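# Overview (structure and organization)
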Amino acid sequence: MSLPAKNPQAIIGVSLKMYFGYARSVDYCRDVASIAFAHPAVQSGDIELFVLPVLPALPEAARILGPAGAAAGAQDIFWEDEGAYTGEVGGRTIAELGGRYAEVGHAERRRIFGEDDRTIGLKTAAAYRNGLTPVLCVGELQQGSVEEAVAQCTAEIDAALNRASSLAPAGRTIVAYEPQWAIGAPEPATPEYISAVTTGLDAHLRSLPGQDTSRVIYGGSAGPGLITQLDPAVAGLFLGRFAHDPKALKTILDETAARLETAEVAA
Ligand SMILES: O=C(CO)COP(=O)(O)O
């Protein structure tokens, strides 16, 4: 078993959304665990790897991924820890089930479930309070200029973190920059655009109190071949459909490790 990553240099996350049921999610996590176990950069802690399955699969996913040096988390979190909140699951339970991450504010939750800055801030606080790393999703609705995207995403980060830090001591945050127009699309945003927006978000995020170890990753139709084209400000990828094939995930891990080696040689 590898030690938990203290200072990972890259982050690769997968959200299975509601694509896979229980059995297929567990099978997928087994495949990911074999890949992680054999992957030097995951074992050394240089790459932080996590999977967010459908919630009922979380305990089994955590049991399978943990010994392989990876981790599991939830795709959502309620903002209270317990009480009369029918149908919700709080951070205390997510942590009890072995979850280490809680995704907050995904574009689908903003659009379909009406989540707004207030609820996203409360959920981010709930993640911190329960020792979970929030995966805070931000992203502009429509494609425009880099400056417009940075302004909108910075405002979303500030709204979430200002509210969260008024309620719970801030912790490390993974910001997933996901342009809404690039989610579920045939192709990701261009590498130049992703790099430029993320560079702005990374500088802003890490200047905030308590966020110096926080990082920004990119999501939105990301898959093999993308990470090697991105600026180092992009710490990794938040994957959806294009990680459903475990072989594709392995390729992405290999590319991420190669990129770290190139960065070391250049330094
Ligand atoms: O929303 C995403 C990850 O959370 C990205 O999903 P896709 O890569 O399937 O577009």
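The protein chain carries the name Triosephosphate isomerase in an unreviewed UniProt entry, which gives Pseudarthrobacter defluvii as its organism. In its Sequence similarities (unreviewed entry) section, the UniProt entry covering the protein chain states "Belongs to the triosephosphate isomerase family." In the Subcellular location (unreviewed entry) part of its UniProt record, the protein chain is described as follows: "Cytoplasm".

## Some thoughts on the overall build of the protein chain
When helices and strands are tallied, the protein chain shows nine helices and eight strands. Over its C-alpha trace the protein chain gives a radius of gyration of 17 Å, about what one expects of a compact globule, namely 18 Å for 267 residues. Along the first, second and third principal axes, the C-alpha set of the protein chain runs to 50 × 40 × 35 Å. Burial status across the protein chain gives 48% buried among its 267 residues. By sequence separation, contacts in the protein chain at least 24 residues apart represent 73% of the contacts at least 6 residues apart.

## Here's the deal with the site of the ligand
Around the ligand, a shell composed of 14 residues is seen, among which Ser 15, Gly 219, Ser 221, Gly 240 and Arg 241 lie nearest. Here the shell around the ligand is composed, by residue class, of five nonpolar, seven polar and two charged.

## Some words on the sheet that holds strand 1 (residues 10-15)
The strands that make up a sheet pair up through hydrogen bonds in the backbone, lying either parallel or antiparallel. Taken in spatial order, the eight strands line up as 1-2-3-4-5-6-7-8 and close into a barrel, and their pairing is parallel. Recorded for the sheet is a direction-independent mean angle of 25 degrees between the axes of neighbouring strands. Pairing of strand 1 with strand 8 (residues 236-239) involves four bridges; the strand directions are parallel. Bridge pairing in strand 8 links Ile 12 to Leu 237. The sheet strands contacting helix 3 (residues 58-65) are strand 2 (47-52) and strand 3 (71-74), and the helix crosses strand 3 at an angle near 160 degrees.

## Quick word on the confidence of the model for the protein chain
Taken residue by residue, the protein chain gives an average pLDDT of 96. The fraction at 70 or more is 97%. Contacts of residues 1-5 to residues separated by more than four positions or lying in other chains number seven contacts, the stretch itself having pLDDT below 50. Taken over the whole predicted complex, pTM reads 0.96, whereas the ipTM for its chain interfaces reads 0.99.

## Quick word on unusual backbone geometry
Positive phi, normally seen in glycine, also occurs at Lys 17, with a value near 45 degrees. Checked against the element boundaries, Lys 17 lands in the loop between strand 1 and helix 1 (22-37). The exposure class of Lys 17 is partly exposed, given the 16 C-beta atoms found within 10 Å.

## What about helix 1?
The first and last C-alpha atoms of helix 1 sit 22 Å apart over 16 residues, in line with the 22 Å expected at 1.5 Å per residue. Listed as buried for helix 1 are Ser 25, Tyr 28, Cys 29, Val 32, Ala 33 and Ala 36. Buried positions in helix 1, seen along its axis, are confined to an arc of 145 degrees and lie on one side of it. Buried-residue contacts for helix 1 involve helix 2 (40-43), strand 2, helix 3 and helix 9 (246-266).

Calculation notes
- Residues numbered from 1 in each chain as written.
- Predicted model: local features only at pLDDT ≥ 70, side-chain atom pairs only at ≥ 80, totals over all residues.
- UniProt positions renumbered as here; feature names shortened; annotations may be inferred.
- Helix = DSSP H or I, 4+ residues; strand = E, 2+ residues; numbered from the N terminus.
- Rg over C-alpha atoms; globule rule 2.2 N^0.38 Å.
- Buried ≥ 20, exposed ≤ 12 C-beta atoms within 10 Å, placed from the backbone.
- Contact = placed C-beta atoms within 7 Å.
- Near = placed C-beta within 6 Å.
- Nonpolar A, V, L, I, M, F, W, Y, C, P; charged D, E, K, R; others polar.
- Pairing = 2+ DSSP bridges.
- Axes fitted to C-alpha atoms, helices over the stretch in contact; angles between N-to-C directions.
- pLDDT = per-residue confidence, 0-100.
- Expected span 1.5 Å × (residues − 1).
- Arc of directions from axis to C-beta.

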